[in-house]
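Residue-level structure breakdown
The primary structure of each chain is shown beneath.
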Amino acid sequence: MATKPLHAYTVAESNNLQVYEEYKSQEINCAANDTYVESTDWSGNPAKSITIIPFTGDADGVITFNLKVKGSYGDDIVVLFDDFPITIDNLLVERIKIKTADSSTDEIFKILSFH
């Protein structure tokens, strides 16, 4: 019976070892005025994975965000504050925009993107 040694990689595995070579962190402050706040533009080096983490906010808040993929924004993605943190992967995301429906407090999010 043949076994696969621990140091042997397939072609796909060896190509994917550098998938997360670079990462960036950003803080987004969504003011309590129900308008979108955009992240940094990553179109030159799209993010392969994004994690959105609430830093401050209200557990009653409804959060809406959009992902920019291939030059255009998709449909609204509506989630509750309790659903965070959220990780989005298997997409090449160029930008993200977030807004909150909470009119009483600002929401601050940390975005960790892997390129």
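Just above, that's the structure.
In this report, we go over the structure that sits alongside the text. Since this is a predicted model, take the numbers as computed values, not measurements.

What follows is about the pairing of strand β8 (residues 107-114). Sheet faces and side chains relate simply in a regular strand, where the side chains alternate between the two faces. Two strands pair when backbone bridges link them, and strand β1 (residues 23-30) and β8 are joined in this way by eight bridges, in the antiparallel orientation. By the bridge assignment, Ile28 is partnered in β8 with Phe109. Examined bridge by bridge, strand β3 (residues 47-56) and β8 share seven bridges and lie antiparallel to one another. If you follow Ile53 over to β8, its bridge partner there is Lys110.

What follows deals with the pattern of salt bridges. Once the charged atoms of two side chains with opposite charge are near each other, the side chains can pair. One pass over the structure, following the stated rule, counts three salt bridges. Across the pair Lys110 and Glu27 runs a salt bridge whose closest N-O atoms are separated by 2.9 Å. Of the two residues, Lys110 is situated in strand β8 and Glu27 in strand β1; the sequence distance between them amounts to 83 residues. The salt bridge partner of Arg95 is Glu38, with a shortest N-O separation of 3.4 Å. You can see Arg95 sitting in strand β7 (residues 86-100) and its partner Glu38 sitting in strand β2 (residues 37-38), a full 57 residues away along the chain. When its relative accessible area of 19% is taken as the criterion, Arg95 is described as buried. For Glu38, a relative accessible area of 38% gives the class partly exposed.

It is worth spelling out the side chain of Gln26 at this point. Relative to the elements of secondary structure, Gln26 occurs in strand β1. A polar contact of 3.1 Å, which involves the side chain of Gln26, links it to the backbone nitrogen of Thr40. The residues contacting Gln26, other than those within four sequence positions of it, are Glu38, Ser39, Thr40, Trp42, Phe109, Lys110 and Ile111.

Further remarks concern the environment of Thr64. If you trace the backbone, Thr64 turns up in strand β4 (residues 62-69). Owing to a relative accessible area of 10%, Thr64 belongs among the buried residues under this scheme. As a C-alpha pair, Thr64 and Lys99 span 35 residues in sequence and 5.3 Å in three-dimensional space. Other than its neighbours up to four places away in sequence, Thr64 contacts Tyr36, Asp76, Ile77, Val78, Lys97, Ile98 and Lys99.

The next point concerns unusual backbone geometry. Omega for the peptide link from Phe84 to Pro85 comes to 5 degrees, which places this bond in the cis form. Look at Lys70: it is not a glycine, yet its phi comes out positive at around 55 degrees. When you line up the elements, Lys70 lands in the loop between β4 and β5 (72-73).

Definitions and limits used
Residues numbered from 1 in each chain as written. Predicted model: local features only at pLDDT ≥ 70, side-chain atom pairs only at ≥ 80, totals over all residues. Heavy atoms only, no water. Pairing = 2+ DSSP bridges. Helix = DSSP H or I, 4+ residues; strand = E, 2+ residues; numbered from the N terminus. Salt bridge = Lys/Arg side-chain N within 4 Å of Asp/Glu carboxyl O. Buried < 20%, exposed > 50% of the residue type's maximum accessible area, 1.4 Å probe, protein only. Polar contact = N/O pair within 3.5 Å; in protein donor to acceptor, adjacent residues only side chain to side chain. Contact = heavy atoms within 4.5 Å.

These figures capture arrangement, not role.
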